[in-house]
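The primary structure of each chain is shown beneath.
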Amino acid sequence: MGMLDDRVIAITGAGSGLGRAYAMASAAAGALLVLREPDGASRDVTPWPIRARVGAVSTVVGDIVDPEICAELVATALRRHGRLDGFVANAGVLEPGLTPGRSTAALRRLVAVNVTGVMQSVGAAIEAMLQTGSGSIVTVVSGSMLGLPRLAHYGGTKGAVLGLTYGWAVELEGTGVRINAISPLADTNMTPLMGPTPGVELPSPDRIAPAVVALLSPATAHLHGQVVRFDGESLGLMAPPRLDATTTRAQWSADAVADALEGALGDFVHPVGLGAGVPATVV
């Protein structure tokens, strides 16, 4: 038996890269799929091993920015199968570059797909899952949200998804619907846009897919509101941002704030950027 036998899973951005790998791995695990592919995408891009199972896949073609497409994705799952068991909010775009000179159009598209698209599609999934009191949602974040050169805006949108994931986790507590995020590292069509990475060999998307299958399955029913970092070899959990330390006074002047930030709180000033600070615990 597969981990996702007869579970109804919807995936956005399934036409290529990580989304395609998630779809193929979910199908191999027994899932019934509803896939969202980009505007203008041929339905033939859906991998033939998935289509080999008659009735195992439905496709919705359209822009994730369109709320009607988000609603149709979920409605298709309900119409075809009567429920939605899992949802992967994978669709995203990457617009690298330094802040000076960025076009307003590029920034609007980045936010529309990576943030608004996630809000709309996950919102539709949550509404459907609450009707049955069960379901697993996986959002997609990125190490760039911790700070990487030329990826401030992209990282910012993924930081927004992180905040949404934590907020939804609190909102969904006790409902039977759970949500987690994956922070994947893989070689996709976005990789060339990020610039050269000498000496770094990125894994293929199919090596990342098992983590998403696991998060969608009942085997991880104990996980809620967590961020899984996976590069095909190293598997980890990211700790949520927390208030490190406080110091208290009845009245604060600007000088007192500056003194405290250098003195009492000085030891809690951390470096920023992916990989900065204390290395992750290895177990």
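Draft legend 1. A look at the environment of R109. In this structure, R109 sits in helix α4 (residues 104-132). R109 sits 14 residues away from E95 along the chain, and the two C-alpha atoms are 9.1 Å apart. Those residues in contact with R109 that sit more than four places away from it in its chain are D63, V65 and V93.

Draft legend 2. Summary view of the pairing of strand β7 (residues 227-230). Where strand β6 (residues 177-184) meets β7, four bridges bridge the pair, whose relative direction is parallel. Bridging from a neighbouring strand, S183 pairs with R229 of β7. Here four bridges tie β7 to strand β8 (residues 235-238), and the two strands are oriented antiparallel to one another. Bridge pairing in β8 places F230 opposite L235. The antiparallel hairpin formed by β7 and β8 contains four residues in its connecting segment, where G232 sits at a positive phi of about 90°.

Draft legend 3. Region of the structure containing α4. When the terminal C-alpha atoms of α4 are compared, their 41 Å separation across 29 residues agrees well with the 42 Å that a helix rising 1.5 Å per residue should span. Phi turns positive one or two residues past the end of α4, at G133, with a value near 70°.

Draft legend 4. Layout of the pattern of salt bridges. In total, this model carries four salt bridges according to the counting rule given. Here R109 ties to D63 by a salt bridge, and the two come within 3.0 Å at their closest N and O atoms. Of the two residues, R109 is situated in helix α4 and D63 in the loop between β3 (57-61) and α3 (67-81); the sequence distance between them amounts to 46 residues. With a relative accessible area of 35%, R109 lands in the partly exposed category. Note that E72 is salt-bridged to R79, the shortest N-O span being 2.8 Å. Judged by relative accessible area, which is 30%, E72 ranks as partly exposed.

Draft legend 5. Layout of the packing of aromatic side chains. Within this structure, the stated rule accounts for zero aromatic pairs. Across from the ring centre of W252, 5.3 Å away, lies the NZ or CZ of R249, which sits over that ring.

Draft legend 6. A look at the side chain of S144. Within the secondary structure layout, S144 lies in the loop between β5 (135-140) and α5 (152-172). Residue S144 is classed as buried on the basis of its relative accessible area of 5%. Of the polar contacts made by the side chain of S144, one reaches the side chain of S142; its length is 2.8 Å. Excluding anything up to four places from it in sequence, S144 contacts L151, Y154 and G155.

Draft legend 7. Region of interest: a nonpolar patch on the surface. On the surface, W252, V257 and L261 cluster together to form a nonpolar patch covering roughly 260 Å² of accessible area. Along the chain, V257 turns up in helix α7 (residues 254-262). Accessibility expressed as a relative area gives 35% for V257, which makes it partly exposed.

Draft legend 8. Quick peek at the environment of G2. Within the fold, G2 resides in the segment before β1 (8-12). Overall, the relative accessible area of 27% leaves G2 in the partly exposed class. When the C-alpha atoms of G2 and A29 are compared, they prove to be 4.4 Å apart, with 27 residues separating the residues in sequence.

Draft legend 9. Focus on the side chain of N114. Here N114 lies in helix α4. Accessibility expressed as a relative area gives 0% for N114, which makes it buried. Polar side-chain contacts of N114 include one of 3.2 Å to the side chain of T157.

Draft legend 10. A look at the sheet that holds β6. The strand order across the open sheet built from eight strands is β3-β2-β1-β4-β5-β6-β7-β8, with neighbouring strands paired in mixed fashion. Whereas interior strands pair on both sides, the edge strands pair on one side only; in this sheet they are β3 and β8. With direction set aside, neighbouring strand axes in the sheet form an average angle of 20°. Sheet strands in contact with helix α6 (residues 209-216) are β1, β4 (86-89), β5, β6 and β7, and its direction is about 170° off that of β6.

Rules behind the numbers
Residues numbered from 1 in each chain as written. Predicted model: local features only at pLDDT ≥ 70, side-chain atom pairs only at ≥ 80, totals over all residues. Heavy atoms only, no water. Helix = DSSP H or I, 4+ residues; strand = E, 2+ residues; numbered from the N terminus. Contact = heavy atoms within 4.5 Å. Pairing = 2+ DSSP bridges. Expected span 1.5 Å × (residues − 1). Salt bridge = Lys/Arg side-chain N within 4 Å of Asp/Glu carboxyl O. Buried < 20%, exposed > 50% of the residue type's maximum accessible area, 1.4 Å probe, protein only. Phe/Tyr/Trp six-rings, centres within 6.5 Å; stacked < 30°, edge-to-face > 60°. Lys NZ or Arg CZ within 6 Å of the ring centre and 35° of its normal. Polar contact = N/O pair within 3.5 Å; in protein donor to acceptor, adjacent residues only side chain to side chain. Patch = residues over 30% accessible without salt bridge, like charges linked within 9 Å, V, L, I, M, F, W, Y side chains within 5 Å. Areas by Shrake-Rupley, 256 points an atom, 1.4 Å probe, with all protein chains shown as cover. Axes fitted to C-alpha atoms, helices over the stretch in contact; angles between N-to-C directions.

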